[in-house]
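# Structural description and commentary
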Amino acid sequence: MKIAPKTVVAIDYTLTDPKGDVLDSSLGREPLEYLHGAANIIPGLERALEGLAAGDAKIVVVAPADGYGVRDPKLVVEVPRDRFPAEAAVEPGMKFHAQLSDGQMHVVTVGAVKDDSVVLDANHELAGVELRFDVKVRGVRAATEEEVAHGHPHHGHQCCGGHGHGHGHCGDHGH
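Just so we're clear, the structure is a prediction, and the values are computed from it rather than from any experiment. (Residues numbered from 1 in each chain as written. Predicted model: local features only at pLDDT ≥ 70, side-chain atom pairs only at ≥ 80, totals over all residues. Heavy atoms only, no water.)

So, on to the overall build of the chain. Secondary structure summary: the chain contains 2 helices and 9 strands in total. In the chain, the succession of α and β elements from N to C terminus is β-β-β-α-β-β-β-β-β-β-α. Here the chain, with 175 residues, has 38% of them falling under the buried criterion. Residue pairs in contact within the chain that sit at least 24 positions apart in sequence constitute 59% of those at least 6 positions apart. Accessible surface computed for the chain: about 10,100 Å², of which carbon and sulfur atoms make up 52%. (Helix = DSSP H or I, 4+ residues; strand = E, 2+ residues; numbered from the N terminus. Buried < 20%, exposed > 50% of the residue type's maximum accessible area, 1.4 Å probe, protein only. Contact = heavy atoms within 4.5 Å. Areas by Shrake-Rupley, 256 points an atom, 1.4 Å probe, with all protein chains shown as cover.)

What follows concerns unusual backbone geometry. Positive phi values are uncommon outside glycine, yet Lys 6 reaches one of about 70 degrees. Here Lys 6 is to be found in the segment before strand 1 (7-16). Looking at Lys 6, the relative accessible area reads 54%, which means it is exposed. Of note, Ala 39 is a non-glycine position whose phi angle comes to about 60 degrees, a positive value. Inspection of the secondary structure assignment puts Ala 39 in the loop between strand 3 (32-35) and helix 1 (43-49).

Attention now moves to the sheet that holds strand 6 (residues 95-99). Strand order in the open sheet formed by 4 strands is 5-8-7-6, and the pairing between neighbours is antiparallel. Each having just a single partner strand, strand 5 (76-80) and strand 6 make up the two edges of the open sheet. Strand-to-strand, the axes of this sheet are offset by a mean angle of 45 degrees, without reference to chain direction. Relative to strand 8 (residues 117-121), strand 5 runs antiparallel, the two sharing 5 bridges. Bridged to Pro 80 within strand 8 is Ser 117. (Pairing = 2+ DSSP bridges. Axes fitted to C-alpha atoms, helices over the stretch in contact; angles between N-to-C directions.)

Moving on to the confidence of the model for the chain. Of the residues in the chain, 89% have a pLDDT of 70 or more, and the chain-wide mean is 87. By mean pLDDT, the top-scoring element of the chain is strand 4 (residues 57-62) (98), and the lowest-scoring one is strand 6 (85). Confidence drops under pLDDT 50 across residues 157-175; counting only partners more than four residues distant or on other chains, this segment forms 33 contacts. (pLDDT = per-residue confidence, 0-100.)

This is the structure:
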């Protein structure tokens, strides 16, 4: 069976940046399973895997626009330091959940701490980065109707949550 929409795909992968530094890998873990065509993985990787079959391997280079996006300067904001508790240690690189002007919750990274303000960046940490995936397809199977309806695979064909790839419980479609 070939990778196509409404198939559940299991892949082994190693993700590196342009310098060759490993950013993530499934090595030593279970393969990553996703529902093809349901936007469970970044668009550039999903498109590149379509048509492959179990046993196929491929190197996929994904441009930022087809990965985690290009950096958006509008997602970098400076907020008054007094929005953080006075006793809180706020340092560059720290991550927080914050509600931005779009009303949505975002993970923000502290970019700089000044005397009276803190610079927060809501861009994904891999925004603007060209990604290189070394992928091996471990398996491809038809998705169940329930998996298609829920938008993600169910391990053992049963609904479960918290399986390490960012998926929550059934009905949680906030992937």
